[in-house]
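So you can see what is in the structure, the chains are spelled out below.
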Amino acid sequence: MDILLFLFLGKPLWMWLIFLMLVVALLVFDLGVLHKKDHEIGVGESLKLSAMYITLGLSFSAFIWWQMDGTAAAQYLTAFVVEKTLALDNIFVIALIFSFFAIPREYQHRVLFWGILGVIVLRGIMIGVGATIVEQYHWVLYIFAAFLMFTGVKMLFVADKEHKMEENGVIRFFKRRMNVTDELHGHAFFVRKEDPHSGRLIRYATPLFLALIIIEIADIVFAVDSVPAVFTITTDPYLVYTSNIFAILGLRALYFALAAILHRFAYLKYALSVLLIFIGSKIFVADAMGWEKFPPEWSLGITFAILGLGIAFSLWKTKGKANDSDAVRTAA
């Protein structure tokens, strides 16, 4: 049993195993019980699942408090809230991708489920590499912080810019190098069809698989912002990874709950911009004030304040407005 006490990235192996077993149990329950058959997920079901995942994510802070301390729990909660909020921007892109590929709602969960598995692995690699770099070169945190501030300022000026999927070079790249069907084949990612030139049966990818690939790539792009953001909150790999994964786990349920009302959060991107600027500035403020670290309790409170104001302003500005977005209308 001594192996369970082996330190992996600064924490006993048993702590990592408990978290991973919980994640596996949630995924098995999700796919094997709740969504064993393809069906259209309604808003009511989505809200219940979202509430469950958010409750579990918040409750995990009690385990952090028990095994570590109150400061670590506050850092975890801040990281969880930040990651959950940044994931909202991802939802806009997911809705656009599903609309572009005309993916029916009953198949969207399958794409998002397998997308989550990819995220768990990719985020683990990025966080492991990032933690190693930060441990060896602490000054990298200042680069992360400056990058976040730059990204936040840049987002303020492009928040209203629409994504145009037809101009996406990644889609064109895969279509040139893969056999892709023009139509869906149920929930299959691959099918065998006759080659029009040779007459042989060959493997074709379906638009469902292409949507999965684009969503995975989109998550990598978003991770470039979100992972450094969490590292400026805490450099503990366990807190960074658990907060990331708990926030991402509920992304599917949150997507189905919000897909029909995304237009009501049109101004939230400005709040996300301000949030990134704040997170990036904390390390510089702490140095200027002579603090060892920006107080976690203040960080959590200011994060909630920024997001609360952003959500309230969005709901106020879009009150009574109809949703004219083709992407959202198709996804809904």
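Please read these numbers as outputs of a predicted model, since none were measured by experiment.

Draft legend 1. Inspection of the overall build of the protein at higher detail. In terms of regular secondary structure, the protein is built from 12 helices and four strands. In the protein, which comprises 332 residues, the proportion classed as buried is 50%. In the protein, once contacts between residues fewer than 6 apart in sequence are set aside, the share between residues at least 24 apart is 79%. Looking at the protein as shown, the accessible area adds up to about 16500 Å², and 67% of this sits on carbon and sulfur atoms.

Draft legend 2. Examining the nonpolar core more closely. By size, the foremost hydrophobic cluster in this structure holds 94 residues, and its most contacted members are Phe231 and Leu249. A total of 16 residues in this core trace back to one element, the largest contributor, which is helix α3 (residues 70–100). Ignoring any residue separated from it by four or fewer positions in sequence, one finds phenylalanine 231 in contact with Ile127, Gly130, Ala131, Val134, Leu141, Phe144 and Val240.

Draft legend 3. Fine view of unusual backbone geometry. Although it is not a glycine, alanine 102 sits at a positive phi angle of roughly 55°. Relative to the assigned elements, alanine 102 resides in the loop between α3 and α4 (105–136).

Draft legend 4. Here's a closer look at the pairing of strand β3 (residues 190–194). In terms of strand pairing, β3 meets strand β4 (residues 201–205) through five bridges, oriented antiparallel. Among the inter-strand pairings, glutamate 194 is bridged to a residue of β4, identified as leucine 201. In textbook terms, the turn of a hairpin is the stretch between consecutive antiparallel strands, and for β3 and β4 this stretch comprises six residues, one of which, glycine 199, has a positive phi near 80°.

Draft legend 5. View of the packing of α4 against helix α8 (residues 237–249). α8 packs onto α4 with a crossing angle of 160° between their chain directions and a minimal axis gap of 10 Å. It follows that α4 is roughly antiparallel to α8 by the angle criterion. Taken as a pair, α4 and α8 cross one another with a handedness that is right-handed. Side by side, α4 and α8 meet where Ile116, Val119, Ile120, Arg123, Gly124, Ile127 and Ala131 of the first sit next to Pro237, Val240, Tyr241, Asn244, Ile245, Ile248 and Leu249 of the second. Tallied by class, the residues present in the contact of α4 with α8 amount to 11 nonpolar, two polar and one charged.

Draft legend 6. The arrangement of the packing of aromatic side chains in detail. Under the criterion given, the structure shown has 19 aromatic pairs. Centre to centre, the rings of tryptophan 16 and tyrosine 241 are 6.2 Å apart; their planes meet at 45°, and the pair counts as tilted. Placement of the pair is tryptophan 16 in helix α1 (residues 13–34) and tyrosine 241 in helix α8, with a sequence separation of 225 residues. When sorted by exposure, tryptophan 16 lands in the same class as tyrosine 241, which is buried. With a centroid separation of 4.5 Å and an interplanar angle of 45°, the aromatic rings of phenylalanine 190 and phenylalanine 209 are classed as tilted. One end of the pair, phenylalanine 190, is in strand β3; the other, phenylalanine 209, is in helix α7 (residues 207–231), and 19 residues separate them in sequence.

Draft legend 7. Representation of the side chain of glutamine 75. Among the structural elements, glutamine 75 can be located in helix α3. What glutamine 75 contacts, discounting residues up to four positions off in sequence, is Ile233, Thr234, Leu239, Lys293 and Pro296.

Draft legend 8. Geometry of the side chain of serine 281. Structurally, serine 281 can be placed in helix α10 (residues 268–289). Judged by relative accessible area, serine 281 falls into the buried class, the value being 17%. Among the polar contacts listed, one links the side chain of serine 281 to the backbone oxygen of phenylalanine 278, at a separation of 2.8 Å.

Draft legend 9. Region of interest: the pattern of salt bridges. Scanning all chains against the criterion turns up three salt bridges. Two residues, lysine 11 and aspartate 236, come together in a salt bridge whose shortest N-O distance is 2.6 Å. Of this pair, lysine 11 sits in strand β2 (residues 11–12) while aspartate 236 sits in the loop between α7 and α8, placing them 225 residues apart in sequence. Both residues of the pair, lysine 11 and aspartate 236, count as buried. One salt bridge in this structure joins lysine 193 and glutamate 183, with 3.4 Å as the shortest N-O distance. Separated by 10 residues along the polypeptide, lysine 193 in strand β3 and glutamate 183 in the loop between α6 (169–177) and β3 bring together distant segments of the chain. Since its relative accessible area comes to 35%, glutamate 183 is described here as partly exposed.

Draft legend 10. Quick peek at helix α11 (residues 296–317). An ideal rise of 1.5 Å per residue puts 32 Å on 22 residues; α11 measures up with 32 Å between its terminal C-alpha atoms. Burial in α11 covers these residues: Pro296, Ser299, Leu300, Thr303, Ile306, Leu307, Gly310 and Ser314. Buried residues along α11 cover an arc of 135° about the axis, so they all sit on one side. In α11, those exposed residues whose orientation departs by more than 90 degrees from the buried face are Leu309 and Trp316.

Draft legend 11. Main features of a nonpolar patch on the surface. The grouping of Val121, Ile125, Val129, Ile133, Tyr137, Trp139 and Ile143 at the surface amounts to a nonpolar patch, some 690 Å² of accessible area in total. Sort the elements by how many residues they give to the nonpolar patch and α4 lands first, with four residues. Here isoleucine 133 is to be found in helix α4. Exposure remark for isoleucine 133: the relative accessible area of 35% places this residue in the partly exposed category.

Calculation notes
- Residues numbered from 1 in each chain as written.
- Predicted model: local features only at pLDDT ≥ 70, side-chain atom pairs only at ≥ 80, totals over all residues.
- Heavy atoms only, no water.
- Helix = DSSP H or I, 4+ residues; strand = E, 2+ residues; numbered from the N terminus.
- Buried < 20%, exposed > 50% of the residue type's maximum accessible area, 1.4 Å probe, protein only.
- Contact = heavy atoms within 4.5 Å.
- Areas by Shrake-Rupley, 256 points an atom, 1.4 Å probe, with all protein chains shown as cover.
- Core = buried A, V, L, I, M, F, W, Y, C linked by side-chain atoms within 4.5 Å.
- Pairing = 2+ DSSP bridges.
- Axes fitted to C-alpha atoms, helices over the stretch in contact; angles between N-to-C directions.
- Parallel < 35°, antiparallel > 145°, perpendicular 65-115°, else oblique.
- Left-handed = near helix turned anticlockwise from the far one by under 90°.
- Nonpolar A, V, L, I, M, F, W, Y, C, P; charged D, E, K, R; others polar.
- Phe/Tyr/Trp six-rings, centres within 6.5 Å; stacked < 30°, edge-to-face > 60°.
- Polar contact = N/O pair within 3.5 Å; in protein donor to acceptor, adjacent residues only side chain to side chain.
- Salt bridge = Lys/Arg side-chain N within 4 Å of Asp/Glu carboxyl O.
- Expected span 1.5 Å × (residues − 1).
- Arc of directions from axis to C-beta.
- Patch = residues over 30% accessible without salt bridge, like charges linked within 9 Å, V, L, I, M, F, W, Y side chains within 5 Å.

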